[in-house]
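Listed here are the chains, written in short residue letters.
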Amino acid sequence: MKTVKVNVVTPDGPVVETDATMIIATAESGEIGILPGHISMVAPLQIGPLRIMHDQNSEEVIAVHGGFIEVRPDVVTILAESAEKAESIDIARAKQAAKRAEEALKAKQADVDHKAFELALKRAINRINVYEMRR
Ligand code: ATP
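Just so we're clear, the structure is a prediction, and the values are computed from it rather than from any experiment. (Residues numbered from 1 in each chain as written. Predicted model: local features only at pLDDT ≥ 70, side-chain atom pairs only at ≥ 80, totals over all residues. Heavy atoms only, no water.)

## So, the environment of Gln56
Next up, step 1: Structurally, Gln56 is set in the loop between β5 (41-53) and β6 (59-71).
Next up, step 2: Each C-alpha atom of the pair Gln56 and Arg127 lies 26 Å from the other, and the pair is 71 residues apart in sequence. (Helix = DSSP H or I, 4+ residues; strand = E, 2+ residues; numbered from the N terminus.)

Following this line, the structure appears as structure tokens:
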């Protein structure tokens, strides 16, 4: 079965280096599916899951928080602001981050940076969702 190399890199270092039969990323424009041999392209990513399929139906899910995907026919690179494998997510920390952001948004104080808390809430929800998708 044909495969494509997949690298997920963050400012803290590499998170994943693997071979995939298919990947599904959450681009700004929506979900995109990439098979080996895909034409070259670069696209911005949303906060969302990255699904990496291997042969024999195995799949891993990564929580990706913004950045870019660069596709070439034989290698896909994801440059993310932060990213975690489902099994490395600290679920208690993500739930606390979600609660903190929700409370800050509810308080509606003028001096609160709403955009920053909205993004923090999105990151926390993504982590909770990806944690629940782990196998
Ligand atoms: P928090 O408020 O909990 O710090 P955050 O969304 O502000 O969350 P980020 O700025 O996205 O955190 O990430 C900072 C670092 O902490 C990154 O290395 C990221 O991978 C890691 N990280 C953040 N939250 C978690 C989590 N729940 N589980 C594992 N690693 C996490």
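## Some points on the site of the ligand
Next up, step 1: Neighbouring the ligand are the residues Asp12, Ser82, Glu84, Ser88, Ile89, Asp90, Arg93, Ala94, Ala97, Arg100, Arg123 and Arg127.
Next up, step 2: Residue Asp90 places a main-chain N or O atom 2.8 Å away from a nitrogen atom belonging to the ligand.
Next up, step 3: In the complex, 68% of the free accessible area of the ligand, which totals 590 Å², lies under the protein chains.
Next up, step 4: Looking at the shell around the ligand, the elements that each hand over two or more residues are α1 (91-107) and α2 (114-133).
Next up, step 5: It is α1 that contributes the most residues to the shell around the ligand, 4 residues altogether.
Next up, step 6: Residues of the shell around the ligand, tallied by class, amount to 3 nonpolar, 2 polar and 7 charged.
Next up, step 7: Here the shell around the ligand gathers at least three residues from each of two domains, domain 1 (4-86) and domain 2 (90-133). (Near = heavy atom within 4 Å. Polar contact = N/O pair within 3.5 Å; in protein donor to acceptor, adjacent residues only side chain to side chain. Areas by Shrake-Rupley, 256 points an atom, 1.4 Å probe, with all protein chains shown as cover. Nonpolar A, V, L, I, M, F, W, Y, C, P; charged D, E, K, R; others polar. Domains from an automatic or database assignment.)

## So, a nonpolar patch on the surface
Next up, step 1: A contiguous nonpolar surface patch, about 310 Å² in accessible area, is contributed by Val42, Phe68 and Leu79.
Next up, step 2: Structurally, Phe68 can be placed in strand β6.
Next up, step 3: Residue Phe68 is classed as partly exposed on the basis of its relative accessible area of 45%. (Patch = residues over 30% accessible without salt bridge, like charges linked within 9 Å, V, L, I, M, F, W, Y side chains within 5 Å. Salt bridge = Lys/Arg side-chain N within 4 Å of Asp/Glu carboxyl O. Buried < 20%, exposed > 50% of the residue type's maximum accessible area, 1.4 Å probe, protein only.)

## Side note on the domain arrangement of the chain
Next up, step 1: Assigned domains within the chain: domain 1 (4-86) and domain 2 (90-133).
Next up, step 2: Once you take the C-alpha centre of each, domain 1 and domain 2 turn out to be 23 Å apart.
Next up, step 3: Listed by partner, the interface residues are 12 residues for domain 1 and 8 residues for domain 2.
Next up, step 4: With both sides pooled, the region where domain 1 packs onto domain 2 buries about 790 Å², and carbon together with sulfur makes up 69% of that total.
Next up, step 5: It is Ile47, His65 and Ala86 that lose the most area in domain 1 upon contact with domain 2, and together they represent 52% of the buried surface on that side. (Contact = heavy atoms within 4.5 Å. Buried area = accessible area lost by both parts, 1.4 Å probe.)

## What about the nonpolar core?
Next up, step 1: Ranked by internal contacts, the top residues of the largest apolar core, which has 22 residues, are Ile23, Leu50, Ile69 and Ile78.
Next up, step 2: Looking at this core, the elements with two or more residues in it are β1 (4-10), β2 (13-20), β3 (22-27), β4 (30-34), β5, β6 and β7 (75-80).
Next up, step 3: Those residues within four positions of Ile23 in sequence are excluded, and the remaining contacts are Val6, Ile32, Gly33, Ile34, Leu50, Arg51, Ile52, Ile69, Val76 and Ile78. (Core = buried A, V, L, I, M, F, W, Y, C linked by side-chain atoms within 4.5 Å.)

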